[in-house]
Every structure is written in C-alpha cells, then in structure tokens.
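The residues making up each chain are set out below.
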Amino acid sequence: MATTAAEGGRRRRGPGMTEVARVAGVSQKTVSRVVNGEPHVSPEVRDRVLRVIRELDYRPNNAARALLLGRYRRIGVVSLGTALYGPSALLSALERAMQRAGYSFALAGTLEGERSEVGVPPDEVWGNVSVAVESLLEQGVDGIVLSEPIDDGTPLRFSADVPVVSLGEGVELTEGVGAVVGADGVAAARMATEHLLDLGHRTVWHLPGPQDWYAARDRLRGWREALEAAGAPEPPLPTAGDWTPASGYAAGRQLAQLSEVTAVFAANDDMAIGALRAFAEAGLAVPDDVSIVGYDDIPAAPYLSPPLTTVRQDFTAVADHAVDTLIAMIEGKSRPAQHTALAVELAVRASTAHSR
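Residues numbered from 1 in each chain as written. Predicted model: local features only at pLDDT ≥ 70, side-chain atom pairs only at ≥ 80, totals over all residues. Heavy atoms only, no water.

**What to know about the packing of helix α8 (residues 185-198) against helix α9 (residues 214-230)**
Two numbers describe how α8 lies on α9: the axes approach to 7 Å, and their chain directions differ by 45 degrees. The orientation of α8 relative to α9 falls into the category oblique. Judged by the sense of rotation from one axis to the other, the crossing of α8 with α9 is right-handed. Facing α8, whose interface residues are Gly185, Val186, Ala189, Arg190, Thr193, Glu194 and Leu197, α9 presents Asp218, Arg219, Arg221, Gly222, Trp223, Glu225, Ala226, Leu227 and Ala230. Classifying every residue of the contact of α8 with α9 by side-chain character gives seven nonpolar, three polar and six charged. (Axes fitted to C-alpha atoms, helices over the stretch in contact; angles between N-to-C directions. Helix = DSSP H or I, 4+ residues; strand = E, 2+ residues; numbered from the N terminus. Parallel < 35°, antiparallel > 145°, perpendicular 65-115°, else oblique. Left-handed = near helix turned anticlockwise from the far one by under 90°. Contact = heavy atoms within 4.5 Å. Nonpolar A, V, L, I, M, F, W, Y, C, P; charged D, E, K, R; others polar.)

Written as structure tokens, this is what we have:
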C-alpha cells in the first residue's frame, strides 16, 4: 500500500511507558515512580527499569531525563523582555552558544518596570526576577544565565541549587555557586571619552542612559573617570535618555543650544542617532562642528551619514564565555574566575574629527 507524503514525513513515535513496563515486567505505576524519582521502589527494580529505558531509547519527561543522565542538558536564561538591540543580540548569542555546546535553551522573561514591590524588603531580590528563576528551576535546568540589565542599586540576592552566571552585575547567592561575565563598560566609556579628548576637544558632553540600568551607570562612570584623569571639566548632564533615538534627539536639542559643545559621547547608538538629527536641524555639521561617539556598534552604524564612531561590543564573545563558564561549573570542572570583564574596542569612523 502506498504511503502518503504526510505519513512518510511523520516522525515515528518512540516506545511508550506501556512498552517499558511490559519489557521490564513491572506495572506502569512502577515505571512512573522510577522516572519521577519517587520512593518505594527496590534498587533491583529501579535498575531493571532504567536499563530497559536505555535499551528502548524511551524519551521520558524532564525529571526522568535528569535521573538517567544526571543532568537535563538544559540551561535557563532570565532576560528582560525588550526589543532593544543590546539585550536581544545577547539573547540570540546565548542561544547559539548553548546549542553549540549541546544544551537546550529555556527562557524566562522579565518586563521592565514590573519589579514586585509589595512586601519585598529593599535588600531582597526583585519580585519578577525571583519568579523567573523559580520558573526555570521548576522546569528543570542545569544552570542559569542571568541577563537582567535593570536593578535598583541593591544586590540581587536569591537561592539556587544550580550554578548561576550573571552578565554584568554581581549576584549574592544564599545557596549555590555563581560567577559574573560581561563587557567592561567602564573601560569602554573611558576609551570613547579619551578618543574625543585626544582629538583636542576641551571636554566631552555625555548623553546618559536610564540610570536603573547598570550599563548606563558604568558608561557614566567611565566618562567621568576619563574627564577627571585628563583634568577636563565635567559638563552638566542633559536629561537622561531611555536608549531610544527620541530621547537622544531630545537631549541633542538641549546640547545644540550650547555653543561650547564640540564633542559628545552617547550611551548607545540609538541615542547618538537621535542626537545626529537634532544637530542637523540646528545647522551643526558632524564632525566639523560636533563630534559624536555612540556605543554598541549596531548594524546600521557604518551606514549612517556620517558613519558613526562607536564602541563595538562582541556579544558572541560574551555569550560564549558565559556559557563556557557555566558549563564548567555544571560539570564540576576547574573553578572559573569569579568575575571576568571582557575587553571591547572602538570602531573609529567619520563622526569624529579633531577640534577646530
């Protein structure tokens, strides 16, 4: 009898619990107890059921897979629910790194501005991050990557019975082991600011990002450190942006009214794009009148007019190092460094020039 294309393409179902029970000579209830790690099963029966499961290549649920293999081969990620370039690019890089390492990917998203505040003391973990972590632990994961870029200035503290790697800020684990991996945002901001100072600008103005993001605070700190080291005056900050071109445009309009502004370091490329528009509307040429540096090196940065000088983040390198660090902890290999800050580089393009 001919097989239809739909039938031919249908994946053959593997053996079920009934077949495992028949071959092992036990009841389905006993198989269920074994695969779920329940008590009241003799060691002899448990060994026999597990042997049949392996022989038949039975695909049990997550609890059984952990029982059989010792691990779930799955890593959980807590990440902000946002379409912003940095977090989304990092999330994609993490998924690719886990797949290459033979681990599956489980995501628990958090939403900006939805931290639980009712009944949570200020020195406790944010409510939504805690819920996300618990969700991943309940699903069954071997480790967790915390890619949550927002905080309230207090240490992130929770308990986890699996290793945790945080991308950026440190985590205080009341139980378990952890490490921190991320790009060195302070050093990167110093590099961007020093580039403008080296071009002869008297000082550098900063378009800051939202200060409940640790990345924005790092970039603000690096900018200040570079100015202080050079003996350059620290200009007042415009209204903090929210990473969007609109907020960069609003801040750029403020700066465009000041004749002394000749160099600007924006906290990200999108805000730099908004500032470019504001300067153009004010009749200021970039870089002849104002030089500007962004941060992230988004795909559009080389194609702007003028092409944008920016700090290039290697999200793939961060993700690879984070996943390697986490797997080393999962598999009990040599203890990785507690805190690893990866270097970044400056992509110098036509939006910066010597001061005139």
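**Digging into the sheet that holds strand β13 (residues 345-347)**
Read from one edge to the other, the open sheet built from five strands follows the order β8-β9-β10-β11-β13, with strand pairing classed as mixed. With partners counted over all chains shown, the strands left at the sheet margins are β8 (205-207) and β13, one partner each. The mean inter-strand angle of the sheet, taken between neighbouring strand axes irrespective of direction, is 25 degrees. The pairing of β8 with strand β9 (residues 263-266) spans three bridges and is classified as parallel. Residue His206 lies in a different strand from β9, and its bridge partner there is Phe265. Of the strands in this sheet, β8, β9, β10 (291-296) and β11 (309-312) touch helix α11 (residues 269-281), which is tilted by about 155 degrees from β10. (Pairing = 2+ DSSP bridges.)

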